[in-house]
Structure formats: structure tokens, C-alpha cells
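# Examining the three-dimensional arrangement
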Amino acid sequence: MSKTNHAQWSSRFSFILAATGSAVGLGNIWKFPYMTGESGGAAFVLVYLLCIALIGLPILVTEWMLGRRGQSNPVNTMATVAEQAGKSRAWLLVGVAGVLGAFFILSFYSVIGGWSLYYTLGSVTGDFSGQDADGIGALFNGMLANPGLLLLWHSIFMLLVIGIVARGVTKGLEGAVNVLMPALALLLVILIGYGMTTGHFGQAVEFLFSPDWSKLNGETVLAALGHAFFTLSLGMGIMLAYGSYLGKEVNLIKTARTVVIMDTVIALGAGLAIFPIVFANDLDLASGPSLIFVTLPLAFGNMGGGTILGLMFFLLLTFAALTSAISLLEPVTEFLEERTPLSRAASAVVAGIGAWALGIAALLSFNDWSSLTLFGLGIFDLLDKLTSKFMLPLTGLGAIIFAAWVLDKDVVREELGLGANGFKLWNLVTRFVAPIGVLVVFFASL
Ligand code: PFF
Ligand code: NA
């Protein structure tokens, strides 16, 4: 029951840009490179690509298809589509889990977005210049130990996100991605260009593309699948919400292919920008989450042109985080807008403040509340694990099982515009390959 006419993307191109903006985020620039570094490189990359093709892409198409049929927020969409199919409205729980997942992720995603803003400023003011490893480490640990500083940058980041989402789908979301995505692409190209001048570009290419299978184990496969969900913004209502603003004329499979390819190319591109610097400066490949915030700044602070390269890198990271964070706020906002008397802008503000408040608990887990743990995890890690290990896979699984097993076959076939053979393949993948893949990995991770 929407109060106004449901918004629509202005064009297929705008939709691609917005969906790519959601997909390309901290996952690509921060997580993918450090996970690849930790997991030994190309073997991980290949498993990840397989997960993207066989599980990520079908679930992406499925979420868009459901969103487009529902033309509403994720909760109403699931209820409506289930009802139309003569099934129980209880399927709306998939939508609920999605909206909640997006809300939880936004809370800690914004904290990292704040780090990125802080480091952007830090590169301009020369905070990394001439620092040794200890100095750079102290900068990062000092930030984590300082709740006021974390709160400041978390708040600024969240304000930007709320400001964009409050303006609506065409003015806010499209307006932001129209500027930020081309800027992001340009920055990445320049940084890869720099990587080519280091003399270690070939080493980076080999690290990313020439597999050492001995490095592969169950945990790596698990991480690859989890990341396939995270990187495509699946299982959290985002693509359901983005699909709800989509017109009938858009070919979902083709569009998904474009978005998946762009997301993958940008993740690999981030690797091609980062690893030459890592190799050229003899840095630690397997430094994990601190790869971006400790390892790289060490290089930026001690090389010619490091100030400008550091600035470009952290701007890139910030832009990527911003276009993803707005997509995380969107499902919650759309839900409030359609289910409460609140206006669009008020919905964005209320949802954003809620996630901001939860984010404060997350950022305190690095300092004042560090002794507060559950299952041995602080609040930040708890939110991260709860969403990426449980909520995202289970919600994505719910969506694909619904579409593949419950929804009328002819409806799906018409939505996707598939011929007989294409539809057979689609059925095989969405009924068996993808759900079984998710389930195996899910239970293996428990
Ligand atoms: N997909 C984006 C990324 O790779 O960073 C952003 C994102 C959105 C990540 C939503 C996770 C998420 F739950
Ligand atoms: Na991504």
C-alpha cells in the first residue's frame, strides 16, 4: 500500500549504475584484496569466480525479479508475490530478514566508511609522511582506541548517507551514483596505471591469476562463497528494493551479467592497484583487515607521489563505501516509507539514526566496551559474523528457493524471457546447484 506512485529508475543505465554502486564497495576495495592476500591468491580467486557465476548471479537475478513483481519494499514484496502465487504470506519473513540484515550491516559499514573518510583527510594533511611501521600502526590503533574520533567520522559518514537517501531514488540515489561511479572508475584506472610503473605489476598479476592449489582448504571455499554474497549485496533486501523500482522492459539476466562483471573487474582492479605497491615495498601480503589501513599507508608515506596516491586511494575507498551504504539504507527507508505515515525523507532519517546508534555500539567494541563479548566476539565482529555467515546466506537461500520451487514456472520464464533450453539451465541452477551450494557451505561453516 504505497502512499504515492512507486518510484522508477530513469533508465536501464541509471539502474545499472546504482546496482553496480551498491555492489562495488568496501567488499571490493578492502575485503577482496585482503582475503586474496590471506588465502594465497589465485586459487581463492578462481573459487570465488565460480561462486559468483553459479550462486551469486542467479540469486541476483532472482532478487530483482521478485522485487520487480512486488513493486514494493522487501517485506511487502515477498508477501504480495507469495499471495499472488497462492502461497502463504509467511514468505514475507525473507523480506524481514533482508531489511534487518541491511540495517545491521549499515551500522558497522558506516564505522568503516568513517575510517575511510578519516584516512582521506589524513593523506592530505600528511599523517603518513615519513612514518615507519610502528608509527603507522600507532595511527590506526590510536584511531580505534579513540571513541570520540570514531564517533565523529562515523557520524559524518552516516549524515552523508542519510542526506542522499532522503532525496529519493532519482534525485538522491541516481544523483549520487552519476557522479561517484565515474570518479571511482577514473581513480582506479590511475592507481592501476601507477601499479604498472612499479616494476612489480607482473608479480601482482601472477599472484592474482596463477593458482597454487595447495593453499585451498574448506575455510577458503567458505570465505569465497560468503564474499560472493557480500560483494553482490545479496540476501539483505537491497536488490529486492532496487528491483522494485525497475520497469518490465529491462532484461534481468543481461543486466545482472553486466553488474556482476563490473563488480568482479573492479575487485580484481583493486588487487592490481594494491598488490604492486605491496610487492614493491616488501609489505606483508597476509596482513588481513589492516592491509588497507596499516600496510598501504606505510607505502604511501614513504614513496614519491605518495601523498597524492594515498589521497586518490582513500577517496576511491570512500566513494565505493558511500554508494554501497546508500543501498543499505534504502530497504529500511522504503519499508518505513510504505508501512508508516513517515515521508520519504523522515523515513531515511529515522532508519539512518537507528543504524547510527547501533554503529556506536559497534565502534565502542574497539575501545571502551572491548570486554563486552558474546561467543567470544565483540559487538562489531558479532554484527559482521551474524550477517555474513547467517543472515545473508539464509535470506538469499529463502529467496531462491521461493522463486525456483514455489513460484509458478511460467511466471518465472516470462519474467526472464528465456527460451526452452535457457529455462532448463536456469531451473537446474536455481533449483539445485545454487541452493545446495549455499547449504553445503552454510553447514560446513557451523
Ligand atoms: N556489496 C558492497 C560491497 O562489496 O562492499 C556493499 C555491501 C552492501 C556489502 C551490502 C555488504 C552488504 F551487506
Ligand atoms: Na562488492
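Residues numbered from 1 in each chain as written. Chains lettered and ligands numbered in written order. Predicted model: local features only at pLDDT ≥ 70, side-chain atom pairs only at ≥ 80, totals over all residues.

Glancing now at the overall build of the protein. Check the secondary structure of the protein and you find 18 helices and 0 strands. The C-alpha atoms of the protein give 21 Å as radius of gyration, which agrees with the globular expectation for 446 residues (22 Å, within 12%). In terms of its C-alpha atoms, the protein occupies a principal-axis envelope of roughly 65 × 50 × 45 Å. In the protein, 84% of the contacts between residues at least 6 apart in sequence involve partners at least 24 apart. (Helix = DSSP H or I, 4+ residues; strand = E, 2+ residues; numbered from the N terminus. Rg over C-alpha atoms; globule rule 2.2 N^0.38 Å. Contact = placed C-beta atoms within 7 Å.)

As a matter of local geometry, ligand 1 sits amid 15 residues, with G25, G27, I105, S233 and S324 nearest to it. Going through the elements one at a time, α1 (12-23), α2 (26-38), α10 (218-231) and α14 (306-339) are the ones with two or more residues in the shell around ligand 1. Considered class by class, the residues forming the shell around ligand 1 number 7 nonpolar, 8 polar and no charged. (Near = placed C-beta within 6 Å. Nonpolar A, V, L, I, M, F, W, Y, C, P; charged D, E, K, R; others polar.)

A word on the nonpolar core. Judged by nonpolar contacts, the single largest core of 156 residues is most densely connected at L60, V161, L316 and L329. Filtering out sequence-adjacent residues up to four positions away, L60 remains in contact with L232, L234, M239, A256 and V260. (Core = buried A, V, L, I, M, F, W, Y, C linked by C-beta atoms within 7 Å. Buried ≥ 20, exposed ≤ 12 C-beta atoms within 10 Å, placed from the backbone.)

Moving on, we come to unusual backbone geometry. The phi dihedral of Q71 is positive, around 50°, even though this residue is not glycine. On the secondary structure map, Q71 appears in the loop between α3 (42-70) and α4 (74-84). At F375, a position not held by glycine, the phi torsion is positive, near 50°. Mapped onto the elements, F375 comes out in the loop between α15 (344-364) and α16 (379-406).

As for its placement among the helices and strands, G237 is situated in the loop between α10 and α11 (238-244). A tally of 35 C-beta atoms within 10 Å means that G237 is categorised as buried. Setting aside anything within four residues of it in sequence, one finds G237 in contact with P74, G95, G98, V99, G101, A102 and P331.

Mean pLDDT over the protein: 93, with 99% of residues reaching 70 or higher. Interface confidence for the predicted complex, expressed as ipTM, amounts to 0.95; the pTM equals 0.94. (pLDDT = per-residue confidence, 0-100.)

This part covers α2. The terminal C-alpha atoms of α2, which comprises 13 residues, lie 17 Å apart, in line with the 18 Å expected from a rise of 1.5 Å per residue. At F32, α2 is bent by approximately 30°, the largest bend along its length, and proline P33 sits one to four residues beyond. Taking burial as the measure, the 13 residues of α2 include 12 buried ones, the bulk of the element. Inspection of α2 places L26, G27, N28, I29, W30, K31, F32, P33, Y34, M35, T36 and G37 among the buried residues, and these make up the whole buried set. Remark: G40 follows α2 within two positions and exhibits a positive phi of approximately 85°. (Expected span 1.5 Å × (residues − 1). Bend = angle between axes of the 7 residues up to and from the residue.)

Viewed as axis vectors pointing N to C, helix α6 (residues 133-145) and helix α13 (residues 290-300) meet at an angle of 145°, and their least axial separation amounts to 9 Å. In the crossing of α6 with α13, the sense of the turn from one axis to the other is right-handed. On α13, the residues touching A133, I136, G137 and F140 of α6 are S290, F293, V294, P297 and L298. Taken together, the residues of the contact of α6 with α13 break down into 7 nonpolar, 2 polar and no charged. (Axes fitted to C-alpha atoms, helices over the stretch in contact; angles between N-to-C directions. Left-handed = near helix turned anticlockwise from the far one by under 90°.)

With that settled, consider the environment of T170. Locating T170 in the fold gives a position in helix α8 (residues 169-197). Each C-alpha atom, one on T170 and one on W369, is 40 Å from the other, the two residues being 199 residues apart in sequence. Filtering out sequence-adjacent residues up to four positions away, T170 remains in contact with A7 and S10.

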